[in-house]
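Geometric and topological summary
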There are 4 protein chains.
Amino acid sequence: MINSSVVAAENAKREADLRSDYDALGDHLARRGIDIAAIKDRAKSFGVAVPSWGTGTGGTRFARFPGLGEPRHIFDKLDDCGVIHGLAQATPTVSLHIPWDKADPAEMLAKAEEHGLGFDAMNSNTFQDQDEQAHSYKYGSLSHTDAATRSQAVEHNIECIEIGDKLGSKALTVWIGDGSNFPGQTHMGRQFDRYMESMKAIYGHLPDDWRIFSEHKIYEPAFYSTVVQDWGTSYIIASELGDKAQCLVDLGHHAPNVNIEMIVSRLIRQGKLGGFHFNDSKYGDDDLDSGTIDPYRLFLVFNELVDAEGTDGLNLSHMIDQSHNVTDPIESLMISACEIQRAFVQASLVDRTALAGYQDCNDALMASATLRRAFRTDVEPILAMARLEQGGAIDPVATYRASGYRAQVAEVRPKVSGAGGGIV
Amino acid sequence: MINSSVVAAENAKREADLRSDYDALGDHLARRGIDIAAIKDRAKSFGVAVPSWGTGTGGTRFARFPGLGEPRHIFDKLDDCGVIHGLAQATPTVSLHIPWDKADPAEMLAKAEEHGLGFDAMNSNTFQDQDEQAHSYKYGSLSHTDAATRSQAVEHNIECIEIGDKLGSKALTVWIGDGSNFPGQTHMGRQFDRYMESMKAIYGHLPDDWRIFSEHKIYEPAFYSTVVQDWGTSYIIASELGDKAQCLVDLGHHAPNVNIEMIVSRLIRQGKLGGFHFNDSKYGDDDLDSGTIDPYRLFLVFNELVDAEGTDGLNLSHMIDQSHNVTDPIESLMISACEIQRAFVQASLVDRTALAGYQDCNDALMASATLRRAFRTDVEPILAMARLEQGGAIDPVATYRASGYRAQVAEVRPKVSGAGGGIV
Amino acid sequence: MINSSVVAAENAKREADLRSDYDALGDHLARRGIDIAAIKDRAKSFGVAVPSWGTGTGGTRFARFPGLGEPRHIFDKLDDCGVIHGLAQATPTVSLHIPWDKADPAEMLAKAEEHGLGFDAMNSNTFQDQDEQAHSYKYGSLSHTDAATRSQAVEHNIECIEIGDKLGSKALTVWIGDGSNFPGQTHMGRQFDRYMESMKAIYGHLPDDWRIFSEHKIYEPAFYSTVVQDWGTSYIIASELGDKAQCLVDLGHHAPNVNIEMIVSRLIRQGKLGGFHFNDSKYGDDDLDSGTIDPYRLFLVFNELVDAEGTDGLNLSHMIDQSHNVTDPIESLMISACEIQRAFVQASLVDRTALAGYQDCNDALMASATLRRAFRTDVEPILAMARLEQGGAIDPVATYRASGYRAQVAEVRPKVSGAGGGIV
Amino acid sequence: MINSSVVAAENAKREADLRSDYDALGDHLARRGIDIAAIKDRAKSFGVAVPSWGTGTGGTRFARFPGLGEPRHIFDKLDDCGVIHGLAQATPTVSLHIPWDKADPAEMLAKAEEHGLGFDAMNSNTFQDQDEQAHSYKYGSLSHTDAATRSQAVEHNIECIEIGDKLGSKALTVWIGDGSNFPGQTHMGRQFDRYMESMKAIYGHLPDDWRIFSEHKIYEPAFYSTVVQDWGTSYIIASELGDKAQCLVDLGHHAPNVNIEMIVSRLIRQGKLGGFHFNDSKYGDDDLDSGTIDPYRLFLVFNELVDAEGTDGLNLSHMIDQSHNVTDPIESLMISACEIQRAFVQASLVDRTALAGYQDCNDALMASATLRRAFRTDVEPILAMARLEQGGAIDPVATYRASGYRAQVAEVRPKVSGAGGGIV
């Protein structure tokens with residue numbers, strides 16, 4: 001863990017400047033009728049889950065280039081998550097992936113408690129074959145033509161629920177790679193029927209206070225059709241399953257040009273928005289760090305969420321889902337959490353009364369300007385002060401680097417050699 | 001109208017070759033276990049509606065370059081539709097657009113009867129302002145913030161139903177341009193609520209044997225958000241309205257890369273596929289002639305439709321919806337109808353028993369090859385023979401050109417000068 | 001024109017707050033080692049041309065909904081441009097479009113002088129037919145198969161140069177709609193050869209101190225192929241023509257997902273970047289207001305431009321090119337100019353020494369954070385102070401609205417009724 | 001190898017039908033003025049290289065699901081290539097990938113000779129790290145900021161040339177993953193300069209009768225910017241390097257909606273088209289089997305190539321580049337070679353005199369119809385007869401399956417277990 005004296009020393013270097021910036025911003029916001037302290041409290045209340053696998057270096061189908069001190073197992077990952085939350089104070093929970101994170105639940109709970117962490121949604125994996133597995137997922141899992149393969153996939157999801165139940169998780173996210181690579185390879189209607197049958201079996205095992213999230217993706221790993229290809233199909237799934245089923249939106253899983261915030265709006269209206277997988281993308285499911293490619297798009301998503309606060313039954317599960325190929329994953333996760341929190345705080349600054357007025361009289365220019373005014377407000381002092389007041393770092397990355405954490409864990413965690421991706 | 005002696009003379013030049021080709025294809029298909037006569041009967045049974053406005057030269061926002069003999073009114077358009085159906089024998093109905101086609105219903109019925117034509121779905125227009133109109137649609141129609149504007153748009157749709165009812169139409173297609181050009185311009189949730197309220201009012205006036213089609217489009221004329229932006233929203237609309245509401249799929253109204261045939265499959269499963277607007281596209285809503293850019297995509301759509309034949313309640317309304325900017329609209333409509341019919345006939349050749357077998361055992365290569373085998377079969381002799389046997393032309397375009405029809409109508413229909421599009 | 005007392009009164013309401021914000025920002029920037037006054041001077045030095053046609057309400061192929069007080073001719077447009085520059089102080093030049101803006105050069109110069117405006121690049125129009133025209137551009141202009149049509153288009157461009165020469169313009173922008181709607185419609189190689197031949201003829205008439213800009217666009221109004229479809233073709237054109245030929249980049253003319261700032265970087269390296277048409281887009285050539293959809297993309301473009309300052313021979317021509325369909329064009333142009341200027345100023349804040357250091361050691365995270373830090377700095381006080389000190393408005397839109405300018409011109413400029421776009 | 005008696009037996013089942021189909025097609029083509037024998041000769045003359053790595057099952061970043069009898073090394077791969085060419089008679093050469101295929105050149109030559117195979121372009125690999133490698137390619141190779149890493153990458157490419165030289169190869173294809181994942185990560189201009197410097201060093205080692213191919217790709221594995229991102233950059237590279245440098249077009253490496261055949265046309269005009277990597281795609285670089293997603297697009301590419309036959313200096317290198325994730329790679333490669341050959345043969349049927357006539361008089365409809373007529377001609381009898389007459393199989397897949405080859409090699413080649421892709 002990061003020594004608190006390192007944090008204190010790093011914060012000491014920056015605190016005076018931060019207080020100047022914070023006070024100036026407070027004055028400015030006061031002139032706009034906004035209480036900076038209230039916004040800071042909102043920032044403190046915000047949390048997004050870290051995916052356990054995000055702590056390892058990611059890769060592409062061409063190659064993976066590991067870094068130093070790659071986590072060996074869930075306990076190393078939880079240590080890394082503890083560092084992330086300790087410094088950035090925005091990621092109070094961890095989302096697990098089974099079977100990658102299988103371990104003794106009691107030990108996991110103890111380790112999580114040590115870091116002040118909880119467990120968010122569970123993630124099942126039926127897009128890869130495991131050594132011990134009886135049936136291959138090469139041609140699908142929950143929607144496979146073979147009943148035994150489907151059963152195996154259903155059982156795996158039920159096991160994920162059981163593990164999660166012991167850890168205090170309250171949700172299962174189901175993302176599958178099922179689909180096809182060729183027109184004709186599958187009968188798209190019957191394949192979907194099989195999928196629904198499997199999902200109903202899983203749904204039947206969901207505890208009363210759990211939710212199940214259906215996550216759509218336009219393509220990859222299937223390159224012609226994907227069973228849960230868009231929010232339309234995801235919505236049908238969640239509707240057919242029942243009240244405990246909702247849709248999860250990953251920001252990188254859409255067709256080019258699609259208006260994602262509009263999908264968010266639609267799912268909120270239908271009572272079927274369950275949560276998000278945050279990341280950013282320029283081309284496909286690039287899984288880049290949140291807010292690094294199109295920060296305004298991220299803001300517009302949060303604009304919908306802040307607008308919908310108080311909607312009956314709205315209970316969102318936020319998770320980061322990124323692939324950190326060229327950065328230290330701990331750094332990327334801290335920065336990403338901050339960027340997501342930034343969008344939430346910026347969206348909290350929107351003058352919604354003025355906005356509604358402009359919308360009602362079709363003053364498109366001023367309505368648009370109202371959103372941009374909130375977006376361009378530099379809320380970094382609010383985020384930094386929220387971190388500082390909660391025991392975190394004013395500058396999480398600089399503090400992390402000063403701590404020497406990565407070098408320390410690299411001494412105990414063995415070096416991993418580079419490897420080709422899936423293509424060879 | 002085209003003189004029947006012209007048709008006979010043109011057919012005479014080609015009939016011997018056609019019979020050779022037809023017989024050879026019949027032999028070949030027989031070896032594949034397919035009865036060519038049955039397929040020819042299917043070809044004869046196929047019909048797609050011509051949109052009345054498609055008989056005029058289209059344009060872009062930059063310019064419109066009219067041709068000779070542009071139709072002046074619905075009666076000229078019906079004459080052109082008569083020529084199209086007379087030669088290509090694949091377009092027995094016409095789809096009207098109000099107010100462009102407003103005229104005395106009795107006269108329209110008489111003119112249609114003269115050409116052996118019926119009336120397909122009615123199309124309302126609330127994306128343009130008409131001179132006599134009290135409220136502008138600049139900021140929306142069915143979803144406008146102003147109740148009076150919404151009422152005006154609802155009334156217009158009801159009038160379209162009333163006109164259609166007199167003509168024997170049984171469906172109303174609602175496509176609107178409502179949306180926004182800027183983030184924030186509209187509250188996307190409230191805008192959709194207003195849209196639904198308006199649609200429910202229209203639905204309430206729908207005769208029992210009518211259907212209402214909701215048509216989605218990702219963008220244009222609205223460039224940031226569109227109220228009915230994709231099939232997911234269209235499906236919600238049709239579900240919320242009731243059994244008489246279904247979704248209409250325009251092939252050019254999707255985000256890039258989207259798998260359209262999969263949407264078709266989903267809507268069929270949900271009992272909500274109402275019909276199509278056929279055209280082809282490479283970039284956006286290009287409204288190009290059907291089958292000229294990606295003929296295999298068109299085939300894959302029909303592969304789903306032929307596969308679904310016999311599905312309870314499936315009753316599809318097919319219409320062409322193209323903008324003919326650089327061709328003679330009559331020629332483009334004949335050729336497009338033939339290409340749509342071609343895809344239907346090719347899809348009828350798929351060996352579905354073999355395909356299902358390959359799908360069940362995940363033989364992706366042979367499943368894909370099974371579709372391609374049907375697609376690459378040159379069914380032109382079947383289409384031509386179907387035309388010939390029904391009194392049409394073996395080669396519709398050559399026959400049309402030989403007839404001199406365009407020059408004839410250009411003598412009575414005044415020359416229209418070129419014009420800029422919407423931008424100036 | 002806007003009465004200066006209105007400006008003074010509006011500024012008086014906001015000056016105290018502005019000075020507070022400006023001082024606070026100055027303190028903050030000083031801590032980052034940046035002199036706010038120097039940045040403000042850069043802001044003052046920045047200018048972007050207003051397109052004369054942008055002062056009128058735009059439309060789509062579906063419809064155009066004019067507003068009040070639409071400009072009747074170039075003199076009205078120059079008045080509007082005077083208002084825009086007077087209030088926003090960022091648009092010192094106007095870009096003309098021939099034949100729309102044909103008038104007596106001396107009168108135009110006088111009117112421009114009255115408003116303190118100059119003339120930027122000339123724009124030719126061979127994508128529409130004019131009444132008096134001998135040959136139609138329906139099937140192309142500079143690349144038409146018919147030599148007489150090509151000659152006519154060449155002559156028109158030469159005339160644009162001659163007009164511009166009298167007005168002090170120093171550049172001609174050539175954008176054409178030539179292309180095709182169907183595979184096979186044109187021989188793409190021969191069509192390009194004809195285009196080059198025409199461009200060489202125009203180039204031969206270019207004065208020594210002029211430049212000619214080739215502007216590419218992926219599609220529209222041609223929907224299958226476009227002669228100058230991307231920057232690769234544009235680069236070949238500029239290279240083959242000679243030193244006075246360069247490429248113009250319109251932000252909305254690219255394929256989905258394309259990295260535009262990379263194209264900017266490549267063209268700078270090749271000495272072939274001539275300038276920009278600024279706007280924003282979500283789907284196609286949406287021509288939305290600059291910075292309203294993806295402000296970070298606009299910043300990244302300016303990041304390349306600021307980085308390249310001092311490059312030998314770099315001389316950029318900046319122009320707005322938008323279609324204002326639902327806003328008052330004067331407001332949209334003022335706000336767009338400010339957003340473009342904002343991106344320029346934000347890009348001026350990038351710590352390039354630190355950035356180069358991070359790049360050299362592959363510290364991707366800190367390199368990316370360095371750009372974002374500049375981007376998220378709220379430079380509005382700098383922009384507003386620059387306006388104020390130059391006699392403009394702290395809040396251009398509020399001041400414009402307070403002036404009642406639109407209502408005044410609506411009294412003398414006749415009401416224009418709505419109209420369909422190109423499709424009917 | 002496949003026993004010739006198996007081929008004979010399988011062909012015997014199909015020969016009579018084939019002759020009937022071939023004769024009927026010959027009659028039909030004769031009526032169109034085309035000599036089927038000449039077309040068949042063209043089919044026989046056509047060849048496309050098989051990539052050695054294509055014989056193994058591919059994967060995605062999520063997983064790889066190997067099949068039975070995966071080739072262990074280049075000699076197994078050459079055996080598989082021998083089967084492919086033996087049955088489909090369209091793939092006379094193999095393209096190697098270094099270091100995957102490093103082995104004794106003399107042994108490789110002997111094995112290739114055994115199968116009647118030659119060696120096509122060499123492919124270097126600097127997108128993965130190899131165990132023995134001094135410098136990592138995590139942050140780039142030919143464009144790396146570190147000179148030693150660039151040198152290592154240059155040396156590797158020179159080694160590829162040396163190996164290829166011993167095998168009779170005459171070209172080197174350079175595809176790199178260099179780019180960035182974040183705005184700011186690299187200075188795009190300096191990165192490109194470093195790339196050019198490295199390429200010039202490689203070019204300096206190119207034998208006089210060799211060519212070097214620059215291959216562009218819009219994204220992946222880099223997700224924000226890629227050094228050789230499109231044909232524009234690739235063209236600049238080939239121009240700057242010299243006459244022995246040309247551009248290679250991979251059909252899946254473009255932005256959505258891009259008109260690939262137009263790029264082909266441009267590169268032919270500039271004398272810079274070197275060859276192709278064939279595959280098909282729906283979303284990104286899907287690497288699907290050629291002709292399975294959009295066969296008309298493949299035809300349109302060949303339409304350009306056949307049109308350009310005889311162009312001075314045109315010498316194209318054709319290669320398949322696919323990832324076979326769910327099929328037997330041998331089957332996919334045979335079928336893909338046939339589909340590419342099919343497009344070539346269909347394009348050979350275009351009536352180019354008629355087409356040029358339609359183009360000259362802007363008869364868009366008939367020009368487009370002329371291409372479609374060629375495309376829809378079912379040339380399978382020509383392809384099958386060409387195979388039969390050259391000792392191949394009328395039905396390559398059925399014959400391959402009948403041979404039991406896969407089961408045979410699975411007995412000697414050890415089973416490979418499934419594995420995750422790059423992400424974990």
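Scoring rules and cut-offs
- Residues numbered from 1 in each chain as written.
- Chains lettered and ligands numbered in written order.
- Predicted model: local features only at pLDDT ≥ 70, side-chain atom pairs only at ≥ 80, totals over all residues.
- Heavy atoms only, no water.
- Helix = DSSP H or I, 4+ residues; strand = E, 2+ residues; numbered from the N terminus.
- Rg over C-alpha atoms; globule rule 2.2 N^0.38 Å.
- Lys, Arg positive; Asp, Glu negative; His and termini not counted.
- Charge placed at Lys NZ, Arg CZ, Asp CG, Glu CD.
- Least-squares fit on C-alpha atoms with pLDDT ≥ 70 in both.
- Contact = heavy atoms within 4.5 Å.
- Buried area = accessible area lost by both parts, 1.4 Å probe.
- Salt bridge = Lys/Arg side-chain N within 4 Å of Asp/Glu carboxyl O.
- Polar contact = N/O pair within 3.5 Å; in protein donor to acceptor, adjacent residues only side chain to side chain.
- Nonpolar A, V, L, I, M, F, W, Y, C, P; charged D, E, K, R; others polar.
- Disulfide = S-S within 2.5 Å.
- Buried < 20%, exposed > 50% of the residue type's maximum accessible area, 1.4 Å probe, protein only.
- Pairing = 2+ DSSP bridges.
- Axes fitted to C-alpha atoms, helices over the stretch in contact; angles between N-to-C directions.
- Parallel < 35°, antiparallel > 145°, perpendicular 65-115°, else oblique.
- Left-handed = near helix turned anticlockwise from the far one by under 90°.
- Expected span 1.5 Å × (residues − 1).
- Phe/Tyr/Trp six-rings, centres within 6.5 Å; stacked < 30°, edge-to-face > 60°.
- Lys NZ or Arg CZ within 6 Å of the ring centre and 35° of its normal.
- pLDDT = per-residue confidence, 0-100.

1. Let's talk about the overall build of chain A
Scanning chain A for helices and strands turns up 15 helices and 12 strands. A compact globule built from 424 residues would reach a C-alpha radius of gyration of about 22 Å, and chain A, at 22 Å, matches this within 12%. Projected onto its principal axes, the C-alpha positions of chain A cover 65 × 60 × 40 Å. Taking the average location of the 39 positive side-chain charges in chain A and that of its 60 negative ones, the two points are 3 Å from each other.

2. A short note on the relation of the copies chain C and chain B
For the pair chain C and chain B, the best superposition has an RMSD of 0.0 Å and corresponds to a rotation of 180 degrees with a translation of 0.0 Å parallel to the axis. One copy is carried onto the other by what is essentially a two-fold rotation axis. For chain C, the residue whose C-alpha comes nearest the rotation axis is Arg 61 of chain C, separated from it by 2.0 Å. When the interface residues of chain C are mapped onto chain B, 100% of them again lie at the interface, so the same face is used by both copies.

3. Considerations on the interface of chain C and chain B
With 54 residues of chain C in contact, the opposing surface of chain B contributes 54 residues. Between chain C and chain B, the buried area comes to about 4,700 Å², and carbon and sulfur atoms account for 63% of it. Joining chain C to chain B, the criterion identifies six salt bridges. The closest approach of N and O atoms between Asp 287 of chain C and Arg 61 of chain B, which form a salt bridge, is 3.0 Å. Between chain C and chain B we count 15 residue pairs in polar contact (both at pLDDT 80 or more) in total. Along the lines of polarity and charge, the residues of the side of chain C that touches chain B split into 23 nonpolar, 19 polar and 12 charged.

4. A short note on the state of the cysteines
Such a bond, covalent and formed between the sulfur atoms of two cysteines, is termed a disulfide. This structure, assessed with the given rule, holds zero disulfides over all chains. Cys 338 of chain C provides the cysteine sulfur closest to Cys 81 of chain C, a residue in no disulfide bond, and the two sulfurs are 15 Å apart. Owing to a relative accessible area of 1%, Cys 81 of chain C belongs among the buried residues under this scheme. The thiol of Cys 247 of chain C is not disulfide-bonded; the next cysteine sulfur, from Cys 247 of chain D, is found 17 Å away.

5. Structural notes on the sheet that holds strand S1 (residues 50–51) of chain D
All names here are of chain D. Taking strand neighbours across the sheet as the criterion, the three strands line up as S1-S3-S4 in an open arrangement whose pairing is parallel. This sheet does not close on itself; its edge strands, each paired only once, are S1 and strand S4 (118–119). Bridge count between strand S3 (residues 93–95) and S4: two bridges; the pairing is parallel. Across the sheet, residue Thr 93 finds its bridge partner in S4, namely Gly 118.

6. A closer look at the pairing of strand S12 (residues 317–320) of chain D
Residue and element names in this part refer to chain D. Burial along S12 is two-sided: Ser 317 and Met 319 facing one way and His 318 and Ile 320 facing the other are all buried. As paired elements, strand S11 (residues 273–278) and S12 share four bridges and run parallel to each other. Residue pairing in the sheet places His 277 in a bridge with Met 319 of S12.

7. A short note on the interface of chain D and chain A
Taken together, the contact pairs 52 residues of chain D with 52 residues of chain A. Roughly 4,700 Å² of surface becomes buried between chain D and chain A when both sides are summed, with 63% attributable to carbon and sulfur atoms. Here chain D and chain A share six salt bridges between them. Grouping the amino acids of the side of chain D that touches chain A by side-chain chemistry returns 23 nonpolar, 18 polar and 11 charged.

8. Things to note about the relation of the copies chain D and chain A
For the pair chain D and chain A, the relating rotation is 180 degrees, the translation along its axis is 0.0 Å, and the fit reaches an RMSD of 0.0 Å. Same-surface contact between copies: 100% of interface residues of chain D are shared with the interface of chain A.

9. Some thoughts on the environment of Ser 368 of chain C
Take Ser 368 of chain C: it is sitting in helix H12 (residues 364–376). We classify Ser 368 of chain C as buried; its relative accessible area is 1%. Non-local contacts of Ser 368 of chain C, meaning those with residues more than four positions away in its chain, are made with Thr 292 of chain A, Tyr 296 of chain C together with Phe 182 and Pro 183 of chain D.

10. Details of the sheet that holds strand S1 (residues 50–51) of chain C
Residue and element names in this part refer to chain C. Taken together, three strands build an open sheet; the order of strands is S1-S3-S4 and the sheet is parallel. Bordering the open sheet on either side are S1 and strand S4 (118–119), each of which pairs with just one other strand. As defined by bridge partners, S1 adjoins strand S3 (residues 93–95) across two bridges and the pair is classed as parallel. By the bridge assignment for S3, Pro 51 is matched with Ser 95.

11. Examining the environment of Arg 372 of chain B
Examined against the element boundaries, Arg 372 of chain B turns out to sit in helix H12 (residues 364–376). Separated by 225 residues in the primary sequence, Arg 372 of chain B and Ala 147 of chain B have C-alpha atoms spaced 53 Å apart. What Arg 372 of chain B contacts, discounting residues up to four positions off in sequence, is Tyr 296 of chain B together with Gly 291, Thr 292, Ile 335 and Glu 339 of chain D.

12. Examining the packing of helix H10 (residues 329–348) of chain B against helix H14 (residues 396–403) of chain B
Helix packing geometry: the angle between the two helix axes and the distance between the axes. Residues and elements named next belong to chain B. The interhelical angle for the contact between H10 and H14, taken along N-to-C directions, is 160 degrees, at an axis separation of 10 Å. With respect to H14, the axis of H10 lies roughly antiparallel. When you trace H10 past H14, the crossing you get is right-handed. Across the interface between the two elements, Ile 330, Glu 331, Met 334, Ile 335 and Cys 338 of H10 pack against Pro 396, Val 397, Tyr 400 and Arg 401 of H14.

13. Observations concerning helix H10 (residues 329–348) of chain D
Along an α-helix, a turn takes 3.6 residues, which lines up residues three or four apart on a common side. All names here are of chain D. Its 20 residues give H10 an end-to-end C-alpha distance of 28 Å, which sits within 8% of 28 Å, the value for a rise of 1.5 Å per residue. In terms of burial, H10 is largely enclosed, as 20 of its 20 residues are buried. A distance of 2.9 Å separates the backbone nitrogen of Ile 330 from a side-chain oxygen at the start of H10, and that oxygen is part of Asp 328.

14. Points about the packing of aromatic side chains
Within the structure shown, the criterion is met by 76 aromatic pairs over all chains. When the ring of Phe 62 of chain A is compared with that of Phe 127 of chain D, the centres are 5.8 Å apart and the planes differ by 80 degrees; the resulting orientation is edge-to-face. Here Phe 62 of chain A, found in the loop between strand S1 (50–51) and strand S2 (63–64), pairs with Phe 127 of chain D, found in the loop between strand S5 (122–123) and helix H5 (147–167), and the two come from separate chains. One exposure class covers both Phe 62 of chain A and Phe 127 of chain D, and it is buried. Measuring from ring centre to ring centre gives 6.3 Å for Trp 100 of chain C and Phe 127 of chain C, while their planes differ by 85 degrees; the resulting arrangement is edge-to-face. Placement of Trp 100 of chain C in the loop between S3 and helix H4 (105–114) and of Phe 127 of chain C in the loop between strand S5 (122–123) and helix H5 (147–167) is noted, with a sequence separation of 27 residues between them. Since its relative accessible area comes to 8%, Phe 127 of chain C is described here as buried. The side chain of Lys 282 of chain A reaches across the aromatic face of Tyr 283 of chain A, ending 5.9 Å from its centre.

15. Some words on the pattern of salt bridges
Counted according to the given criterion, the structure contains 160 salt bridges over all chains. Among the salt bridges present, the one from Lys 244 of chain A reaches Asp 208 of chain A, with a minimum N-O distance of 3.9 Å. Here Lys 244 of chain A is found in the loop between helix H7 (231–241) and strand S9 (245–250), whereas its partner Asp 208 of chain A is found in the loop between helix H6 (188–203) and strand S7 (211–215), with 36 residues between them in sequence. A salt bridge links Glu 389 of chain B to Lys 44 of chain B, with the nearest nitrogen and oxygen atoms 2.4 Å apart. Remark: Lys 44 of chain B occurs in helix H2 (residues 36–45) and Glu 389 of chain B occurs in helix H13 (residues 380–389); sequence separation between them is 345 residues. Each of Glu 339, Arg 342, Asp 378, Glu 380 and Arg 387 of chain A together with Arg 372 and Arg 376 of chain C takes part in one network of salt bridges that share partners.

16. Some points on the confidence of the model for chain A
Across chain A, the average pLDDT comes to 97, with 99% of residues at 70 or higher. Listed scores for the predicted complex are pTM 0.98 and ipTM 0.97.

17. Points about unusual backbone geometry
The omega torsion of the bond from Ile 98 of chain A to Pro 99 of chain A falls at 20 degrees, within 30 degrees of zero and hence cis. Looking at the element boundaries, Pro 99 of chain A is found in the loop between strand S3 (93–97) and helix H4 (105–114). The backbone phi angle of Gln 89 of chain A is positive, close to 55 degrees, even though this residue is not glycine. As for its position among the elements, Gln 89 of chain A is in the loop between helix H3 (74–88) and S3. Residue Gln 89 of chain A is classed as buried on the basis of its relative accessible area, which comes to 14%. Not every positive phi belongs to a glycine, and Asn 257 of chain C is a case in point at roughly 75 degrees. By secondary structure assignment, the location of Asn 257 of chain C is in the loop between strand S10 (245–250) and helix H8 (260–269). Here Asn 257 of chain C falls in the buried class, since its relative accessible area comes to 16%.

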